[in-house]
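# Inside the fold
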Amino acid sequence: MAKLVLTLEGDFLAEFPLGQQRLTIGRRSNCDIRLENLAVSGEHAAVVAVDDAFYIEDNQSTNGTMVNGQAITRHQLQDGDMIGLGRHQIEYREEDIAADRGFEKTVLVMPLINDMMARAAGSRVADAAGNSQPDVAANSPVPVAGGLAKVKVLSGTSNGRELVLTKTLTTLGRSGVQVAVITRRPHGYFLAHVEGEGRPVLNGHAVGLQAQVLANGDVIELAGVKMLFSLE
């Protein structure tokens, strides 16, 4: 089932399964997703189901609705799209697509679908099972807070694989088991728990309710897989 994941300046707040025909977003108390932010209109936008697709529609809001940094009036959502409303961001996710993506179905990496399609024509690497995967290193790196960030898998069948963190929000884990996000902010990278009974482990300690800042050499353990965070 598709869902929306709500964050505020990179911190996870809530998720909303899209199991209804219309889901409203705004500042009013009767909205399905209520955002208490003066930059958000009373009934700012809505996500509507049309056939087998979902669309985000701006409701003539004062400050507009952004998708992947572009102002829209109506936009068909694709897996990984980021909806911007004031200081809040809402990521659209399609679980069926996410379940087949990533290092090995154990570590999910959910970049924007458009970027994946663009990279499909480029170089490809084979995973341990012999399946062709997009080469994550082909992304254009985005340095921030002093350097370029990467995650390297230290265990499992994808041991040695690296991911360059080019997105504002990168989701890691296995849906339904354990999921975390790494968010890129102007002052650094942060790790936060999203779902699952167990919390991600950072340098041997479980991550709490607050997002944890990441430093070069930190070891993350998630869904039974260890990863090394590096900042060049």
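Scope of this entry: the structure provided in the associated data block. (Residues numbered from 1 in each chain as written. Predicted model: local features only at pLDDT ≥ 70, side-chain atom pairs only at ≥ 80, totals over all residues. Heavy atoms only, no water.)

## Points about the environment of Met66
Selection rule: Here a helix means four or more residues in a row that DSSP labels H or I, a strand means two or more in a row labelled E, and each is numbered from the N terminus. Whether two residues are in contact is decided by their heavy atoms, any of which lying within 4.5 Å being enough.
By secondary structure assignment, the location of Met66 is in strand 7 (residues 65-67). Distance from Met66 to Gly84, taken between C-alpha atoms, is 4.8 Å for residues 18 residues apart in sequence. Not counting the four nearest positions on each side in its chain, Met66 is found in contact with Ala71, Met82, Ile83 and Gly84.

## What about the packing of aromatic side chains?
Which entries qualify depends on this criterion: A pair of Phe, Tyr and Trp rings is counted when the ring centres sit within 6.5 Å of each other, with Trp represented by its six-membered ring. The angle between the planes then sorts it: under 30 degrees is stacked, over 60 is edge-to-face, the rest tilted. Accessible area is worked out with a 1.4 Å probe on protein chains only. A residue is then buried under 20% of its type maximum, exposed over 50%, and partly exposed in between. Counting as a charge over the ring demands two things of the Lys NZ or Arg CZ atom: a distance within 6 Å of the ring centre and an angle within 35 degrees of the ring normal.
If you walk through the whole model with that rule in mind, you get 2 aromatic pairs. Taken together, a centroid distance of 6.2 Å and an interplanar angle of 55° make the contact between Phe54 and Tyr92 tilted. Taken together, the positions of Phe54 in strand 6 (residues 53-58) and Tyr92 in strand 11 (residues 88-94) put the pair 38 residues apart, joining distant regions of the chain. The two residues Phe54 and Tyr92 agree in class, both being buried. The ring centre of Tyr55 lies 4.0 Å from the NZ or CZ of Arg74, which sits over that ring. It is Arg185 that lies over the ring of Phe190; its NZ or CZ is 4.0 Å from the centre.

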